Amino acid sequence: MSTSEAGPAEPPEGAEGRAAFLLEMRARGVQDLRVLRALERVPREAFAPRRYHDLARRHVALPLRCGQTLPEPWLAARMIEALSLTPEHGVLEVGSGSGYAAALMSTIARSVLSVERFQTLAVEASARLRRLGVDNVRIVWGDGLEAGREAGPFDRIIVQGALAEPPESLLGALAADGVLVMARPERGEPLRRRVVRILRTAGGGLDVASICPCRLQPIIPGRSRAL
């Protein structure tokens, strides 16, 4: 990601607001310094609809086109932190949304392939990233659940939504010692969801760890034809 980006105008709260934003992130469990630096560098207001710019540094989800949402910043941060990203990693993201999470990951990872099923969102997210000078993210319109079959393997995979179980299409695209982060329904509570970290072990097994509760919606397979 370019370090000379201009970005949007400074929000009214300025440096004090940024500091409070990061302190709140720490209070919500985000400890990885690389993720915190990414949150400081990437202006969330650049990914929010203009009428919601004043809410961009608050911990609320914001509506996007196509019935989608920009998740709470703490949730985006906790999911990215769970990936344990390094500059050597190539990432597959299922569900680009506004492009905010991809922009955050771009400051840490080697490259990000982000797949969005809504063409409208894919085009808009790509434009935002270009304006910010992000050159190591590629956003494509397609079915993210199938993208890894041809483009993989990936060191890290992040799914911006919930699945009952990790599909074989994604597990098959995960490199040895790779990490997959996604949400899934809690056992016995199908309407409640939790982010989990799935690590492929050296023996080929899967080690699953719980990260945090969330309200992410189920991922819909396929590519949208209408939007």
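Computed from a predicted model, the values in this text were never measured in an experiment.

K.L.:
Sorry, what's going on with unusual backbone geometry here?
P.N.:
Glycine aside, residues mostly have negative phi, and peptide bonds are mostly found in the trans state. The phi torsion at Cys 66 lies on the positive side, around 65 degrees, for a residue other than glycine. Position of Cys 66 among the secondary structure elements: in the loop between strand 1 (62-63) and strand 2 (69-70). Taking relative accessible area as the criterion, Cys 66 reaches 18% and is therefore assigned buried. Its identity as a non-glycine residue notwithstanding, Asp 177 has a phi of 65 degrees, on the positive side. Relative to the helices and strands, Asp 177 resides in strand 7 (residues 174-186).

K.L.:
How should the confidence of the model for the protein be read in this particular structure?
P.N.:
Interpreting fine coordinate detail is not advised for predicted regions of low pLDDT. On average, the protein scores 89 in pLDDT, and the residues at 70 or more come to 93%. Mean pLDDT per element in the protein: helix 6 (residues 144-151) is the minimum at 81, and helix 4 (residues 100-106) is the maximum at 98. Between residues 2-12, whose pLDDT stays under 50, and residues either more than four places distant or in other chains, the model counts 16 contacts.

K.L.:
Where do I start with helix 2 (residues 33-41) in this structure?
P.N.:
Since the α-helix packs 3.6 residues into each turn, any two residues three or four apart lie on the same face. The set of residues buried in helix 2 consists of Val 35, Leu 36, Ala 38 and Leu 39. End-on view of helix 2: buried residues confined to an arc of 155 degrees, all on one side of the axis. Where helix 2 begins, the side chain of Asp 32 points an oxygen toward the backbone nitrogen of Arg 34, at a separation of 2.8 Å.

K.L.:
Teacher, can you tell me more about the packing of aromatic side chains here?
P.N.:
Each aromatic ring pair is described using two quantities: the centre-to-centre distance and the angle formed by the ring planes. Counting across every chain of the model gives one aromatic pair. Residue placement shows Arg 57 over the ring face of Phe 21; its charged tip is 5.7 Å from the ring centre. One residue, Arg 223, lies across the ring of Trp 141, its end atom 4.1 Å from the ring centre.

K.L.:
Please explain the pairing of strand 3 (residues 90-94) as it appears in this structure.
P.N.:
Along any regular strand the residues' side chains alternate between the sheet's two faces. Counting buried positions over the five residues of strand 3 gives five, a clear majority of the element. Judged by which residues are buried, strand 3 turns out to be covered on both faces: Gly 90, Leu 92 and Val 94 on one side and Val 91 and Glu 93 on the other are all buried. What joins strand 3 to strand 4 (residues 111-116) is helix 4, and the crossover it makes is right-handed. Where strand 3 and strand 6 (residues 154-162) come together, four bridges link them in parallel fashion. Bridge pairing in strand 6 places Val 91 opposite Arg 156.

K.L.:
What should I look at first to understand the side chain of Gln 160 in this one?
P.N.:
Tracing the backbone through its elements, the reader meets Gln 160 in strand 6. Among the polar contacts made by the side chain of Gln 160, one reaches the side chain of Glu 93 at a distance of 3.0 Å. Beyond its immediate sequence surroundings of up to four residues, Gln 160 is in contact with Met 79, Glu 93, Val 94, Gly 95, Ala 101, Leu 216 and Ile 219.

K.L.:
How should the pattern of salt bridges be read in this particular structure?
P.N.:
Two side chains carrying opposite charge are able to pair once their charged atoms lie near each other. Taken as a whole and assessed by the stated rule, the structure comprises nine salt bridges. A salt bridge links Asp 155 to Arg 110, with the shortest nitrogen-to-oxygen separation between them at 3.7 Å. Pair noted here: Asp 155 is in strand 6 and Arg 110 is in the loop between helix 4 and strand 4, with a separation of 45 residues, a long-range link. On the basis of relative accessibility, which here comes to 23%, the residue Asp 155 falls in the partly exposed class. Here Arg 194 and Glu 186 are joined by a salt bridge, their closest N and O atoms 3.5 Å apart.

K.L.:
Would you mind showing me how to read the environment of Ala 164 here?
P.N.:
You can see Ala 164 is positioned in the loop between strand 6 and helix 7 (168-171). With relative accessibility at 57%, the residue Ala 164 sits in the exposed group. Ala 164 sits 22 residues away from Glu 186 along the chain, and the two C-alpha atoms are 9.3 Å apart. Not counting the four nearest positions on each side in its chain, Ala 164 is found in contact with Arg 184 and Pro 185.

K.L.:
Help me out: how do you make sense of the environment of Val 159 in this one?
P.N.:
Following the sequence through the fold, Val 159 ends up in strand 6. The exposure class of Val 159 is buried, given its relative accessible area of 0%. Linking Val 159 and Ala 15, residues 144 residues apart in sequence, is a C-alpha distance of 32 Å. Not counting chain neighbours up to four residues away, the residues in contact with Val 159 comprise Met 79, Val 94, Leu 170, Leu 180, Val 181, Met 182 and Ile 219.

Parameters at a glance
- Residues numbered from 1 in each chain as written.
- Predicted model: local features only at pLDDT ≥ 70, side-chain atom pairs only at ≥ 80, totals over all residues.
- Heavy atoms only, no water.
- Helix = DSSP H or I, 4+ residues; strand = E, 2+ residues; numbered from the N terminus.
- Buried < 20%, exposed > 50% of the residue type's maximum accessible area, 1.4 Å probe, protein only.
- pLDDT = per-residue confidence, 0-100.
- Contact = heavy atoms within 4.5 Å.
- Arc of directions from axis to C-beta.
- Polar contact = N/O pair within 3.5 Å; in protein donor to acceptor, adjacent residues only side chain to side chain.
- Phe/Tyr/Trp six-rings, centres within 6.5 Å; stacked < 30°, edge-to-face > 60°.
- Lys NZ or Arg CZ within 6 Å of the ring centre and 35° of its normal.
- Right-handed = clockwise from strand over helix to strand, strands pointing away.
- Pairing = 2+ DSSP bridges.
- Salt bridge = Lys/Arg side-chain N within 4 Å of Asp/Glu carboxyl O.

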